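# Chain and residue survey
Residue-level listing of the chains:
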Amino acid sequence: MAPDASPPEIVCRGLSKCFGATEVVAPCELTFAAGQTTALVGPSGCGKSTLLRLVAGLEAPSAGSVTIGGAPPGDTLRRGQLSMAFQDPSLLPWRTVRGNVTLALKLARQRKDEARIARLIDLVGLDGFAGTRPGALSGGMRQRAAIARAMVTEPAVLLLDEPFGAVDELTRQQLAEDLPPLWEARETTTLLVTHSVSEAVMLSDRVLVFSPRPAAVVADIPVALERPRRASLSSSKPFLDLTGEVSEALARGMAAAAPRLAAQ
Amino acid sequence: MIVAAAMRRSDPVLRAALGLLLIVALWELSARALSGAYILAGPVEVARYLAQNSGLMVRALRETLWSAAQGFFWGNLAAVTLAVTAIVMPRSERVVSALALLVFCLPLVATGPILRVLYGPGDGPQITLAALAVYYTTYVPLLVGLRAAPATWFELVQSYGRGRAAELWHVRAMTALPYLFAGLQIAAPAAFLGAMVGEFTGAERGMGVLTIRAMRALDVPGAWALASLAAAISVAAYAAIGALARAVSVAPPPVILSPPGAPVGRRLGALAPLGLTILALVLWWGLLEGFGLNAFFAKRPGDVFEALMLAPDAAQTRATLLAALRETAIAVVPGYLAGLALGAALATLIVLVPVASTVAMPLAVALRSVPIVTSAPLGVLLLGRGEAGTITLVALMVFFPTFVACLHGLRQAPGQILDVFDSYAAGPVARLVHVRLPAMLPAFFAAARMAVPASVLAVTVVEWLATGQGIGSLMALSASLSDYDMLWASVAVVALLSAAGYGLVSRAEALVLSRYAAEQVRR
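Just so you know, these numbers come straight off a predicted model, no measurement behind them.

### Quick look at the overall build of chain A
- Helix and strand counts for chain A stand at eight helices and nine strands.
- Its C-alpha radius of gyration of 18 Å places chain A within 12% of the 18 Å reference for a compact globule of 264 residues.
- For the C-alpha atoms alone, the extent of chain A along its principal axes is close to 55 × 40 × 35 Å.
- Residue pairs at least 24 apart in sequence account for 71% of intrachain contacts in chain A once pairs closer than 6 positions are excluded.
- In the form shown here, chain A has an accessible surface area of approximately 11000 Å², with 53% of it arising from carbon and sulfur atoms.

### Things to note about the packing of helix H9 (residues 164-200) of chain B against helix H10 (residues 207-216) of chain B
All names here are of chain B.
- Two elements in contact, H9 and H10, have axes separated by 7 Å at closest approach and are oriented at 55 degrees. Classed by the angle they form, the pair H9 and H10 counts as oblique. For the crossing formed where H9 meets H10, the hand is right-handed. Contact residues: Phe192, Met196, Glu199 and Phe200 in H9; Met207, Gly208, Val209, Thr211 and Ile212 in H10.
- For the contact of H9 with H10, the class distribution of residues is six nonpolar, two polar and one charged.

### As for H10 of chain B
Residues and elements named next belong to chain B.
- By the criterion of burial, H10 is predominantly enclosed, with eight of the ten residues buried.
- Among all positions in H10, only Met207, Gly208, Val209, Leu210, Thr211, Ile212, Ala214 and Met215 are buried.
- Downstream of H10 by one or two residues, leucine 218 has phi in the positive range, about 50 degrees.

### A closer look at the packing of helix H3 (residues 97-107) of chain A against helix H4 (residues 114-123) of chain A
All names here are of chain A.
- Running from N to C, H3 and H4 cross one another at 125 degrees; their axes reach a closest spacing of 10 Å. Comparing the axis directions of H3 and H4 gives the class oblique. Considering only the axes of H3 and H4, their crossing is right-handed. In this structure, H3 contributes Val97, Arg98, Val101, Thr102 and Leu105 to the contact, and H4 contributes Glu114, Arg116, Ile117 and Ile121.
- Considering only residue class, the contact of H3 with H4 consists of five nonpolar, one polar and three charged.

How each quantity is defined
- Residues numbered from 1 in each chain as written.
- Chains lettered and ligands numbered in written order.
- Predicted model: local features only at pLDDT ≥ 70, side-chain atom pairs only at ≥ 80, totals over all residues.
- Heavy atoms only, no water.
- Helix = DSSP H or I, 4+ residues; strand = E, 2+ residues; numbered from the N terminus.
- Rg over C-alpha atoms; globule rule 2.2 N^0.38 Å.
- Contact = heavy atoms within 4.5 Å.
- Areas by Shrake-Rupley, 256 points an atom, 1.4 Å probe, with all protein chains shown as cover.
- Axes fitted to C-alpha atoms, helices over the stretch in contact; angles between N-to-C directions.
- Parallel < 35°, antiparallel > 145°, perpendicular 65-115°, else oblique.
- Left-handed = near helix turned anticlockwise from the far one by under 90°.
- Nonpolar A, V, L, I, M, F, W, Y, C, P; charged D, E, K, R; others polar.
- Buried < 20%, exposed > 50% of the residue type's maximum accessible area, 1.4 Å probe, protein only.

Next up, the structure:
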């Protein structure tokens, strides 16, 4: 990342997306503050992943626009300042863990920094597996390798699409503790799509709760818990209050959509 | 039983060797039974012939191998160039694929003599025919391989703001590698075949020349020795490329299925074939004009149209052509269908008898690489010059690739679904009908598609070398009489008919697969 790059603000204006006649993302006005981590929570298939892909410029909007730091997403992409971790780890099977992490630096046209590569592989708990190919790793290990790959370029924008989906519960908690300091130190604008309410609260500064498809925001909940956050936080009263609030909003969204869904 | 048990445990190479031994023994036995009939030379006699003529054989083999190697190189280079073009410029894929198919459908029997006139003496025609024989069978799997990656791998590249070149380099090149090797494996024997057919058209040295000479002189041991040598070389080349692929640790790809290009019913619709035909005609005309080729032997589309439609003897020309086509159809259609049916049926049967399949598979893979066309003279020796011989050779040409593809396909049946059937204690027939046969369909159609040009090649070569009937013979006759109007007209008609047959099978494939294997049909 260029030394002068500060994290950008992401702005969606009148953004919507249809696939054929199906509206996946309802027209929305969203602003993601620079350097903040926002969790996007909603029922599966509601269109949150599509929203993420719109922000990454991987899908073209049907209407409206996305800007990152005031410019189209393509500009950020071309500077190698955006990283995305996909639902599927999407590791290239012929490259080792180290090779896959290194590939991100190559694609982002950055200098190959051996120390940083080793540190990230170590951080996601894959030290000792750097020379292993993905085929020989468990699902959770692959996903951790994918996270290391997404973070190695020290991106200004980090898009995480259910990155912990296949990770076991213990590792999940560990990663939830270890990873935020990394993107906080870099001041990265982070969007995190997740199914897990507690993960959303634990990792983010703000939780957006979405309705069933087409995705529309039903609640915008700030998370003012102090950092660094430890696993012990998850049994504290403020944490439980927040998760309760998010769960309620989710249920509200489902209930409001129920008649419409039944009609379909 | 003990042999069967040993076979089940042993590796494929050993099993193939056992099968081969069995075939050689049967071959020797039938040769002894038929001794005096003057049609079949056994392995002992073949070995003796090879030993006695080793000098001649080595010289001829060196000649043919060198032509084949050069053709292999140029043909595969063309295949890679075409496939990369189609991937980097997706809009061009349709046109590239269609023209590649049309050129592949040009009958070697006629392009051979035309190339001979163009090049004069020397090895130009052999190399060109070898290249023509290989490029398409590499192009098709390569195109599939270059796409054989999940969408997110490309999105990963895109998410760093990189384009098609980075996709090609970081993702597609590696996913295509197994498919490239699979294509090269098929291409090696095909190049040898192309070089031999090229030599049939009047080279001075080489295996093809010796084969023609042996056939004309009714030299039975000679003909069998040459065919055995060609078969052995082809199997060896096929195996060597397979070994090379394993050495660079490339796993074989799943059966190559997706038809290249031509997604069903897109914008152009019915107009596409028309546009492509016009484009092909323009290219035909442009190439001949561009090289400034003599209009006496290098006929333009206009000349062919005049010969078929406007000239005073046009009606007679058309009648001759149609009569020849009818004769060819009588041999090629039953042969093609029989080859397909036998291949699929035998593969299905053999899956029900697992021990048989462990022997048959490696053997069939080895035999698939035998250039059957180069042994056409043997077919004539064995089966005579009638229709039966031609039909049998066409059927054999179609049978082996179909059989191997179907066996692969039957094995692709998803294990979890078979487990479901097992949990209901379903019998082998139920598993076959409900799981294995649908799983076989994509592979079957892929083979049926490629078998169309292959059977046209087989039938024209046999007609040309042996039976003196049909379009193959007409082309050979026209070439020797310098009736270039008739020759070019035949080439155009045969290429169009082959491409149309291929298109027809592709259409049937799309219809069936959209029901049984929707994931194979590209939209």
